[in-house]
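Letter by letter, the chains look like this.
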Amino acid sequence: MLDVLLANGAVITVDGENRVFERGYVAVKDGLIAGVGSMEELESDGMPEAKRVMDMNGHAVLPGLVDAHGHGGHCLLKTLGEHYDDEWNEMAVHAYYRCTDTDFWYNEGALAAAERIKFGTTTAVSMVGSDPKIDSVAAVDANLAASSAVGIRQFSGIGFPDGPWPKTAVQYDEEGGAHTLTLSQTDALQNIETCLRTLNGKYPRATCIVAPGRMGRRSNVSEEDTIWQNKEMARLAEEYDVPLHTHAYSGDVKFMYETSPEALSPRISLTHSTGYSDEELEILKETGAWVLHGPTTYSNAMWHCRVMDMLEKGINFAIVTDGTAPDRSYDLWRDMKNIQVVQRYVHQNYGLMPCGTVLRLATIEPARALGIDHLVGSLEVGKKADIITVNVMQPHLAPFRVMPIQRLVSHAMGQDVDNVIVEGEVVMENRRLTRVDEAEILQKAAESFEKMLARLDRTDILENPNLYGLNQYV
Ligand SMILES: [Zn+2]
């Protein structure tokens, strides 16, 4: 007997042949996809028994989205300091290292997972912190625990942050007492390894990964230290067999290739990847390293990711949100649209980035980047049942069963997702989270936000003096 049968939907598989069943089904048993196909086929074989039948007439059924880059913490920092340019990251790092407690990381993690699930993302990656936060194993633990409780498939990362060293952090005990810590690079490495050793396998669907902030040449870390850090990060990712994940910009790929080439392999994902030279594109092609492109990011606005050059060369590539602060959302549907808009305008060619290609870049391709494409990213028999449904019977998406992929990519928003299944379990039904109390998540997140804000003690981050001007940067 099947556990769940999703019947009568427009099923978009994103499989190797990009099959679409206009009136199709997906069968789920023991957390896995047990069947995918057309209703005619199913009916002619005799309808199978299922504990639960979900009538998906009026719905599109597709694989859960995979958002391979975001930041733990950012859901409680969004919009704050939007009017700072260079100073923004410094403010964020200060807030995360000195103004947060373990509850903050749990409550923010739950809020983030809830947001992502409600937008149809079933697999998510979060670098914990803006630049990674290495002072607290408990913060990474809390991020994973909260995500797991909401039901999402979560990858949370810790790795070396930017310099200068040593780092200072303030930690708060349960009575509210504050303790200042100073951490060397060796202390940081120890915390990173403790996270990998103790957190993997601790919570269902939760993986701790290696995620340094950056692995290229920087002004506040010596070249010798950067190379040592890179080699340690590559070693740990290999040893624990987890993804290696970082931000990368112009020159970083060449630097790594020349100094720590073991880091460049299909295991690594390079978020932003803006400003690369032709030589760096060749290195990406040769090594199989992944590019994670955030169409809506600061980095893409400032230095441009060479999206079309990369795709034409066959470089491994996926779309990410880089959510959620200061001005992004975890709605990957927006970024599917934004990559089209940006590339079409940059190249003055409105034909670029057709919808089918874009959908693959938000599902199966990021699953490949995480090394889990044999498990998720498409609707195929034997894979984990990570499935989302979109209510198409709405004015902006109707009529039903007409060009479903284009309808979704061009016109849908995250809020149109109405059911989310992760590993066979319905974690959102008719937009209601099933495992957790959403009102409580919002309430606790607000409490943690207020505490963080009071410790930060900077009201200017809430006031953009140029809100109605032509340039918001002060
Ligand atoms: Zn980022």
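Residues numbered from 1 in each chain as written. Predicted model: local features only at pLDDT ≥ 70, side-chain atom pairs only at ≥ 80, totals over all residues. Heavy atoms only, no water.

Comments concerning the pattern of salt bridges
Any two side chains of opposite charge can pair if their charged atoms end up close together.
Next, step 1: Taken as a whole and assessed by the stated rule, the structure comprises 36 salt bridges.
Next, step 2: D3 is the partner of K51 in a salt bridge, and the nearest nitrogen-oxygen pair spans 3.0 Å. Of this pair, K51 sits in strand β4 (residues 50-55) while D3 sits in strand β1 (residues 2-12), and the two are 48 residues apart along the sequence.
Next, step 3: By relative accessible area, K51 is classed as exposed at 63%.
Next, step 4: One network of salt bridges, in which partners are shared, links R153, R205, K384, D386, E423, E425 and R435. (Salt bridge = Lys/Arg side-chain N within 4 Å of Asp/Glu carboxyl O. Helix = DSSP H or I, 4+ residues; strand = E, 2+ residues; numbered from the N terminus. Buried < 20%, exposed > 50% of the residue type's maximum accessible area, 1.4 Å probe, protein only.)

Topic: the nonpolar core
Next, step 1: L77, I117, M233, L244, L270, L284 and W333 are the most contacted members of the largest nonpolar core, which totals 127 residues.
Next, step 2: Among the elements that make up this core, the one with the highest residue count is helix α3 (residues 102-118) (eight residues).
Next, step 3: When residues are assigned to domains, this core turns out to be shared by domain 1 (2-63 + 378-433) and domain 2 (65-369), each giving three or more.
Next, step 4: Residues within four places of L270 in sequence aside, it is in contact with T246, A248, V253, L264, Y276, L284, A289, W290, V291 and L292.
Next, step 5: Counting 16 residues, the second-largest nonpolar core is a separate cluster that includes V11, V26, I33 and V36. (Core = buried A, V, L, I, M, F, W, Y, C linked by side-chain atoms within 4.5 Å. Domains from an automatic or database assignment. Contact = heavy atoms within 4.5 Å.)

A few points about the environment of G288
Next, step 1: Following the sequence through the fold, G288 ends up in the loop between α8 (278-287) and β15 (290-293).
Next, step 2: The exposure class of G288 is buried, given its relative accessible area of 14%.
Next, step 3: Along the chain, G288 and K383 lie 95 residues apart, while their C-alpha atoms are 24 Å from each other.
Next, step 4: Setting aside residues no more than four positions away along its own chain, G288 makes contact with S265, P266 and N316.

Quick look at the domain arrangement of the protein chain
Next, step 1: We note that the domain assignment places domain 1 (2-63 + 378-433) and domain 2 (65-369) within the protein chain.
Next, step 2: Computed from C-alpha atoms alone, the centre-to-centre distance between domain 1 and domain 2 is 30 Å.
Next, step 3: Each partner contributes to the interface: domain 1 provides 31 residues, whereas domain 2 provides 24 residues.
Next, step 4: Buried area between domain 1 and domain 2, both sides added, is near 2200 Å², and the carbon and sulfur share of it is 65%.
Next, step 5: Its largest share of buried area at the contact with domain 2, domain 1 owes to V14, V409 and L433, together 25% of the area lost on that side.
Next, step 6: Put simply, domain 1 and domain 2 have four salt bridges between them.
Next, step 7: E423 is paired through a salt bridge with R205; the nearest N and O atoms lie 3.4 Å apart.
Next, step 8: At the boundary of domain 1 with domain 2, the tally comes to 10 residue pairs in polar contact (both at pLDDT 80 or more). (Buried area = accessible area lost by both parts, 1.4 Å probe. Polar contact = N/O pair within 3.5 Å; in protein donor to acceptor, adjacent residues only side chain to side chain.)

Section: the pairing of strand β11 (residues 178-183)
Next, step 1: Sheet topology note: the strand β10 (residues 167-172)/β11 ladder contains six bridges and is antiparallel. Residue pairing in the sheet places Q171 in a bridge with H179 of β11.
Next, step 2: The antiparallel hairpin formed by β10 and β11 contains five residues in its connecting segment, where G176 sits at a positive phi of about 95°. (Pairing = 2+ DSSP bridges.)

Concerning the coordination of the zinc ion
Next, step 1: Within the protein, H69 (NE2), H71 (NE2), H247 (NE2) and D322 (OD) serve as the donor atoms for the zinc ion, at 2.0 to 2.4 Å.
Next, step 2: Given four donor atoms and angles of 85 to 173° at the metal, the environment of the zinc ion is assigned as irregular.
Next, step 3: Along the chain, the residues donating to the zinc ion are arranged with the sequence spacing H-x1-H-x175-H-x74-D.
Next, step 4: Using a relative accessible area of 0% as the deciding quantity, one classes H69 as buried.
Next, step 5: Here H71 falls in the buried class, since its relative accessible area comes to 4%. (Donors = N, O, S within 2.8 Å, 3.2 Å for Na, K, Ca; no water. Tetrahedral: all angles 85-135°; square planar, octahedral: opposite > 155°, others 65-115°.)

So, a nonpolar patch on the surface
Next, step 1: On the surface, V341, Y345 and Y350 cluster together into a nonpolar patch covering about 370 Å² of accessible area.
Next, step 2: The topology assignment puts V341 in helix α11 (residues 332-346).
Next, step 3: Here V341 falls in the partly exposed class, since its relative accessible area comes to 33%. (Patch = residues over 30% accessible without salt bridge, like charges linked within 9 Å, V, L, I, M, F, W, Y side chains within 5 Å. Areas by Shrake-Rupley, 256 points an atom, 1.4 Å probe, with all protein chains shown as cover.)

Notes on the packing of helix α4 (residues 137-150) against helix α5 (residues 185-199)
Next, step 1: Contact geometry for α4 and α5: axes closest at 9 Å, N-to-C directions at 35°. Crossing hand, α4 versus α5: right-handed. Across the interface between the two elements, V137, V140, D141 and L144 from α4 touch N191, T194, C195 and L199 from α5.
Next, step 2: For the contact of α4 with α5, the per-class residue count stands at five nonpolar, two polar and one charged. (Axes fitted to C-alpha atoms, helices over the stretch in contact; angles between N-to-C directions. Left-handed = near helix turned anticlockwise from the far one by under 90°. Nonpolar A, V, L, I, M, F, W, Y, C, P; charged D, E, K, R; others polar.)

Re the packing of aromatic side chains
Next, step 1: Taken as a whole, this structure holds seven aromatic pairs when the rule is applied.
Next, step 2: Taking 6.2 Å as the distance between ring centres and 55° as the angle between the ring planes, the aromatic pair formed by Y96 and F104 counts as tilted.
Next, step 3: Y96 gets classed as buried once you look at its relative accessible area, which sits at 1%.
Next, step 4: The buried category is assigned to F104, whose relative accessible area is 1%.
Next, step 5: Measuring from centroid to centroid gives 5.0 Å for F104 and W105, while their planes differ by 70°, and the two rings are edge-to-face.
Next, step 6: Residue W105 is classed as buried on the basis of its relative accessible area of 1%.
Next, step 7: Taken together, Y96, F104 and W105 form an aromatic cluster joined through their ring pairs.
Next, step 8: K167 extends its terminal NZ or CZ atom over the ring of W165, reaching a point 5.4 Å from the ring centre. (Phe/Tyr/Trp six-rings, centres within 6.5 Å; stacked < 30°, edge-to-face > 60°. Lys NZ or Arg CZ within 6 Å of the ring centre and 35° of its normal.)

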